[in-house]
Amino acid sequence: MVETDVLIVGQGLAGSALAWVLAERGASFVVVDRGGTDDWGRPSASRVAAGLITPITGKRLAMTPGWPRLWAAAEALYLAAEAKTGRRFLRRRRALRLLPSEMEQERLGMRLDDPRYAGHLGRVDPTSLPAQVTPPGAACWLNAAARLNTAEYLAATRAWLAATGRYLRAEVNPDADVEVSSMGVRAGKIEVFARCVALCQGYCKTPPRRSAPLRLAPAKGEVLTIDAPELALETVTHGGVWVAPESGVDTGKYRVGATHSWDPLDSRPTRAGLCELTDLFKRLSPVPFRVDAQEAGVRPATSDRRPVAEVSPSEPRVAWINGLGAKGALWAPAYAAALAERLAGLGLIP
């Protein structure tokens, strides 16, 4: 029986961030994961995610609440993980935002005059845009944007966990396989005894009783990988859809996303998702393209769009990180740090 401070269930963006935070604090832990797949045997939502990070979002060009704190936590964690693993997965580079509607153009003028947005936005002359982009009414730079290569980051994290004896590949049901008592948490199936358990499983087809508080409102998202050699975009571009150059290649490969739907909630790609994304891409650019792959995942979002990083009031040795939604790459490090502080305050970790 392995004894440890924390048993982390799930190695997506939430579980991986918590692992890095606990390691930095000197806490012991074990991560158990089914191997990066979801309930349908497909890549988990974290691995499908594009990892886009930007302070300005939505048609209202709104500032992400708490951006300075969230970005500082994210940048510090990912750079530390890069140093530990010797692999690069965070790329900071401004993104391009196309603004075809009058409302968005008016909002841009307001934001550019607002000192709170100073440095975050830059005006772009639409006539200077690449010829492969359909000219919008206006455009702007999102100066503080970044992108996390989620697949590379999660693979590097798993390799680090395995090399340090902290990773177990297994299916663990928090209700059936985890016993919680005043003494600690026992997972006999994997022979682990921990002082507490952190559930970082994202969306589950059948949510366990020991799941995050019931304000989760998951949403399905689909993305494409396309081959468009004539597009020649060097930076992430937002305009109805986002188009992100595949990192490490210069062969015209891009990811395009993402849809939002609520029925059915599964990770099976759909014809409707394919049609929606291809139609939106055609509005952004007239270049010919071929769809190479289509993926889907269920974002573990919440009804109030705020993640859950809490300790159970009825079982203080049970905690959660969930509900990261579409901003998991940005939110996960800060919420992992907040949960670690809570666990330390309860005397469960150093």
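Computed from a prediction, not measured in an experiment: that's the story for all the values here. (Residues numbered from 1 in each chain as written. Predicted model: local features only at pLDDT ≥ 70, side-chain atom pairs only at ≥ 80, totals over all residues. Heavy atoms only, no water.)

**Section: the sheet that holds strand E19 (residues 290-299)**
- Strand order in this open sheet of eight strands is E8-E9-E7-E16-E17-E18-E15-E19, and the pairing throughout is mixed. Every other strand in the sheet has two partners, leaving strand E8 (121-124) and E19 as the edge strands with one partner each. Pairs of neighbouring strands in the sheet enclose a mean axial angle of 25°, with direction left out of account.
- Where strand E16 (residues 237-239) lies against strand E17 (residues 241-245), three bridges are found, and the strand directions are antiparallel. In the sheet register, Gly239 faces E17, and the bridge partner there is Val241.
- The strands touched by helix H4 (residues 102-112) within the sheet are strand E7 (95-99), E8 and strand E9 (138-142), with E8 carrying the most contacts at an inclination of about 130°. (Pairing = 2+ DSSP bridges. Helix = DSSP H or I, 4+ residues; strand = E, 2+ residues; numbered from the N terminus. Axes fitted to C-alpha atoms, helices over the stretch in contact; angles between N-to-C directions. Contact = heavy atoms within 4.5 Å.)

**Thoughts on the state of the cysteines**
- Under the counting rule described, the total for this entry stands at zero disulfides.
- Here Cys204 is not cross-linked by a disulfide; its sulfur's nearest cysteine counterpart is in Cys200, at 11 Å. (Disulfide = S-S within 2.5 Å.)

**Notes on the packing of helix H1 (residues 13-25) against helix H3 (residues 67-85)**
- The contact between H1 and H3 brings their axes to 11 Å, and the two run at 75°. Put simply, H1 runs roughly perpendicular to H3. Mapping the contact onto sequence places Ala17, Trp20 and Val21 in H1 and Leu77, Ala81, Lys84 and Thr85 in H3.
- A per-class count over the contact of H1 with H3 returns five nonpolar, one polar and one charged. (Parallel < 35°, antiparallel > 145°, perpendicular 65-115°, else oblique. Nonpolar A, V, L, I, M, F, W, Y, C, P; charged D, E, K, R; others polar.)

**So, the layout of surface pockets**
- Of the pockets and cavities examined, the second largest pocket occupies roughly 750 Å³.
- Lining the second largest pocket are 41 residues; nearest its centre among them are Arg91, Arg147, Pro245, Glu246 and Ser247.
- For the lining of the second largest pocket, a count of residues per class yields 19 nonpolar, nine polar and 13 charged. (1 Å grid on protein atoms, 1.4 Å probe; cavity = no way out; pocket = protein on both sides within 12 Å on 5 of 7 lines; lining within 4 Å. Points joined across faces, edges and corners; volume = space filled by probe spheres on them.)

**Some words on the sheet that holds strand E10 (residues 146-148)**
- Strand order in the open sheet formed by three strands is E3-E10-E6, with antiparallel pairing between adjacent strands. Each end of this open sheet is capped by a strand with a single partner; those strands are strand E3 (52-53) and strand E6 (90-92).
- Pairing of E3 with E10 involves two bridges; the strand directions are antiparallel. Across the sheet, Ile53 pairs through a bridge with Ala146, a residue of E10.

**Notes on the pattern of salt bridges**
- Tallying each qualifying case throughout the model produces 17 salt bridges.
- We note a salt bridge from Arg210 to Glu315, for which the minimum N-O separation is 2.9 Å. Linking Arg210 in the loop between strand E14 (192-199) and strand E15 (219-227) with Glu315 in the loop between strand E20 (308-311) and strand E21 (318-322), this pair joins segments that are 105 residues apart in sequence.
- For Arg210, a relative accessible area of 9% puts it in the buried group. (Salt bridge = Lys/Arg side-chain N within 4 Å of Asp/Glu carboxyl O. Buried < 20%, exposed > 50% of the residue type's maximum accessible area, 1.4 Å probe, protein only.)

**Examining the side chain of Arg210**
- At a separation of 2.9 Å, a polar atom in the side chain of Arg210 contacts the main-chain carbonyl oxygen of Pro174.
- Excluding anything up to four places from it in sequence, Arg210 contacts Pro174, Asp175, Val178, Val180, Leu199, Glu315, Val318 and Trp320. (Polar contact = N/O pair within 3.5 Å; in protein donor to acceptor, adjacent residues only side chain to side chain.)

**Some points on the pairing of strand E18 (residues 253-257)**
- Most of E18 is tucked away, with four of its five residues classed as buried.
- In the sheet, E15 pairs with E18 via five bridges, with the strands oriented antiparallel. Bridge pairing in E18 links Asp227 to Lys253.
- Strand direction decides the pairing type here: E17 and E18, joined by four bridges, are antiparallel.

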